[in-house]
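An overview of the molecular structure
Read off the chains here:
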Amino acid sequence: MMVKSLFISFIILIVYNKAFTKLLEEENNFLSSQFNNEIPKKKRLIIKKDTKALLQKIMGDKYNKRIFSYWQKDNSTIWILNSIGKYKPITAGFVIQDCKIKSSHVLVYREQIGYEIKYPNFLLQFTDAELNSNMDLNIRVDNISGATLSVNSMERMAETSLLLNKLSDENTCNKN
């Protein structure tokens, strides 16, 4: 019995390690392409208690992540975020310039349906989006039939990336 549970644990560890390696590879490929193979040092933003409510307004009351990584070079900031689609996390990257989304990218999509959010026609909708005074996107994102939860997830991550960018660089994004 113990050998069987060790074997199962070993298999789970191998599968998890493979998935984590794929995620890191996708992140590094994305960062390399955005920063012309010169990836800047990773920075961290710690959400303080008073701004946690803003983040939870966007991501939901149960969202408790407090430390976020980002990369900044010149006037570009990249945020790589995760949000649950229907059952599994979606990993997306957002390039922010001048307090607006310059581009959005789906790095890893793990669901069986709704994969259309990876296509450029959908992702282009986020270009030049910014937060309004209600912490919502100032644009309307067209839904994709059968991918409503994935679309909602991308909208939440876009709003979150803009909010985090605003919190990390208050001098240039503190218009609202």
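Residues numbered from 1 in each chain as written. Predicted model: local features only at pLDDT ≥ 70, side-chain atom pairs only at ≥ 80, totals over all residues. Heavy atoms only, no water.

1. Some words on the pattern of salt bridges
- A complete count under the given rule lists 2 salt bridges for this structure.
- The partner of K73 in a salt bridge is E38, with the nearest N and O atoms 3.3 Å apart. Linking K73 in strand β2 (residues 67-73) with E38 in the loop between α1 (2-34) and β1 (43-46), this pair joins segments that are 35 residues apart in sequence.
- A relative accessible area of 27% means that K73 is categorised as partly exposed. (Salt bridge = Lys/Arg side-chain N within 4 Å of Asp/Glu carboxyl O. Helix = DSSP H or I, 4+ residues; strand = E, 2+ residues; numbered from the N terminus. Buried < 20%, exposed > 50% of the residue type's maximum accessible area, 1.4 Å probe, protein only.)

2. Topic: the nonpolar core
- With 35 residues, the main nonpolar core has I117, F122 and M154 as its most contacted residues.
- Mapped onto this core, the elements with two or more residues apiece are α2 (49-59), β2, β3 (76-84), β4 (89-97), β5 (100-109), α3 (120-123) and α4 (148-168).
- Ranked by residue count, the leading element in this core is α4, at 7 residues.
- Residue contacts for I117: discarding those within four places in its chain leaves I90, V106, Y109, F122, L123, I144, S150, V151 and M154.
- Counting 9 residues, the second-largest nonpolar core is a separate cluster that includes L31, F35, I78 and L107. (Core = buried A, V, L, I, M, F, W, Y, C linked by side-chain atoms within 4.5 Å. Contact = heavy atoms within 4.5 Å.)

3. Quick word on the sheet that holds β1
- The 5 strands lie next to each other as β1-β2-β3-β4-β5, forming an open sheet whose pairing is antiparallel. Because the sheet does not close on itself, it has two edges, and the strands there are β1 and β5. The mean angle between the axes of side-by-side strands here comes to 30 degrees, regardless of whether they run parallel or antiparallel.
- With 4 bridges connecting them, β2 and β3 associate as antiparallel partners. Residue pairing in the sheet places Y70 in a bridge with W79 of β3. (Pairing = 2+ DSSP bridges. Axes fitted to C-alpha atoms, helices over the stretch in contact; angles between N-to-C directions.)

4. Remarks on the pairing of β2
- As judged from the 4 bridges shared by β1 and β2, these two strands associate in the antiparallel manner. Its bridge partner lying in β2, R44 is registered against S69.
- What sits between β2 and β3 in their antiparallel hairpin is a turn of 2 residues, with D74 showing a positive phi close to 55 degrees.

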